[in-house]
Amino acid sequence: MSHEDLKQFVVSDAPPTAYYIPDFISEDEESYLLQQVYKSPKTKWTQLSGRRLQNWGGLPHPKGMLAEKIPGWLHMYCEKISSLGAFSGKTANHVLVNEYNPGEGIMPHEDGPLYHPTVTTISLGSHTLLNFYSPISSLEGDAPQTEENRYLFSLLVKPRSLLILQDEMYQRLLHGIQGYEQDTLTDKVVNLSAAGALPGDTLTRGTRVSLTIRHVPKVMKTKLMLGRK
Ligand SMILES: O=C(O)CCC(=O)C(=O)O
Ligand SMILES: [Fe+2]
């Protein structure tokens, strides 16, 4: 698949720009990736409230990320996704592995300025609903800005799919996952047909592992650069 081929996967009912690619990987690749994730040393996992995560490639930092070698089983997918042109010719150098059990999720957040403004996500093991929210406005309004009234729409991400978010979807909106065990799909899910689902469907969540693959532009080659401009 090339950059040109991406266009057919744009989610036209979402703000610019979201690409949803069903069956980006095969079932065999999915099993292989899950096997590698669970084969990683126990010490690679960090337990957070509502999920656990593995960080690969280094810790992004405003002064630059001290790059760590990404293992081959992940590097393969960094290259595969980068070859779609997702990172303007650069190769992804950072991967977060998130594991969510049914009932777990992630608070609405922005991915922030340490990454090239594109996030790509491969889902393994289960679907989830990724919710999008408008930012907390700086204007004083009379309506309180609750999570509920900032909610805009959702994307259904099925196992083996690839999601690519950039532009306004990355730069302006927040994203999060509710800690539910089941999802009932409504017409607020803007990629239903591309994801092969119907409004009214109820999907039960299993354990989902996501690979969040990004490019960190600012990298330090050696620790000797620490403290310098
Ligand atoms: O699991 C996901 O798809 C979202 C993960 C996420 O938002 C993040 O790691 O920043
Ligand atoms: Fe995120």
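Because the structure is a prediction, the values reported are computed rather than measured.

(A) Main features of the coordination of the iron ion (ligand 2). In the first shell of the iron ion (ligand 2), the protein supplies His-109 (NE2), Asp-111 (OD) and His-175 (NE2), at 2.1 to 2.2 Å from the metal. In the primary sequence, the donor residues of the iron ion (ligand 2) line up as H-x1-D-x63-H. One end of the pair, Asp-111, is in the loop between β6 (106-109) and β7 (118-124); the other, His-175, is in strand β11 (residues 174-177), and 64 residues separate them in sequence.

(B) Layout of unusual backbone geometry. The omega angle of the peptide bond from Pro-16 to Thr-17 is -15°, so this bond is cis rather than trans. Residue placement: Thr-17 occurs in the loop between α1 (3-6) and β1 (18-21). Even without glycine at this site, Ser-88 takes up a positive phi of about 50°. For Ser-88, the position within the fold is in the loop between α3 (72-82) and β5 (94-100). Owing to a relative accessible area of 58%, Ser-88 belongs among the exposed residues under this scheme. Backbone geometry at Arg-160 places phi at a positive 80°, although glycine is not the residue there. By secondary structure assignment, the location of Arg-160 is in the loop between β9 (151-157) and β10 (162-166).

(C) Looking closely at the site of ligand 1. Near ligand 1 there are 13 residues, and of these Asn-98, Tyr-100, His-175, Arg-208 and Ser-210 occur at the shortest range. Here an oxygen atom of ligand 1 and a side-chain polar atom of Tyr-100 are 2.6 Å apart. Contacts to ligand 1 include Arg-208, whose side-chain N or O atom sits 2.8 Å from an oxygen atom. Its free accessible area being 290 Å², ligand 1 has 94% of it covered by the protein chains. Judged by the fraction of its atoms near the pocket grid, ligand 1 is located in the largest pocket. Elements with a minimum of two residues in the shell around ligand 1: β5, β6, β11 and β14 (208-214). Of the residues belonging to the shell around ligand 1, the class tally is 4 nonpolar, 6 polar and 3 charged.

(D) Geometry of the layout of surface pockets. Space inside the largest pocket adds up to approximately 350 Å³. Contributions of two or more residues to the lining of the largest pocket are made by β3 (51-56), β5, β6, β7, β10, β11 and β14. Ranked by the residues each element gives to the lining of the largest pocket, the list is headed by β14, at 4 residues. Of the residues belonging to the lining of the largest pocket, the class tally is 12 nonpolar, 7 polar and 4 charged. Around the second largest pocket, the lining is made up of 14 residues, and of these Asn-131, Tyr-151, Ser-154, Gln-178 and Tyr-180 lie nearest the centre. Elements that contribute at least two residues to the lining of the second largest pocket include exactly β8 (128-133), α4 (147-150), β9 and β12 (182-184).

The rules behind each value
- Residues numbered from 1 in each chain as written.
- Chains lettered and ligands numbered in written order.
- Predicted model: local features only at pLDDT ≥ 70, side-chain atom pairs only at ≥ 80, totals over all residues.
- Heavy atoms only, no water.
- Donors = N, O, S within 2.8 Å, 3.2 Å for Na, K, Ca; no water.
- Helix = DSSP H or I, 4+ residues; strand = E, 2+ residues; numbered from the N terminus.
- Buried < 20%, exposed > 50% of the residue type's maximum accessible area, 1.4 Å probe, protein only.
- Near = heavy atom within 4 Å.
- Polar contact = N/O pair within 3.5 Å; in protein donor to acceptor, adjacent residues only side chain to side chain.
- Areas by Shrake-Rupley, 256 points an atom, 1.4 Å probe, with all protein chains shown as cover.
- 1 Å grid on protein atoms, 1.4 Å probe; cavity = no way out; pocket = protein on both sides within 12 Å on 5 of 7 lines; lining within 4 Å.
- Sits in = over half its atoms within 2 Å of the grid points.
- Nonpolar A, V, L, I, M, F, W, Y, C, P; charged D, E, K, R; others polar.
- Points joined across faces, edges and corners; volume = space filled by probe spheres on them.

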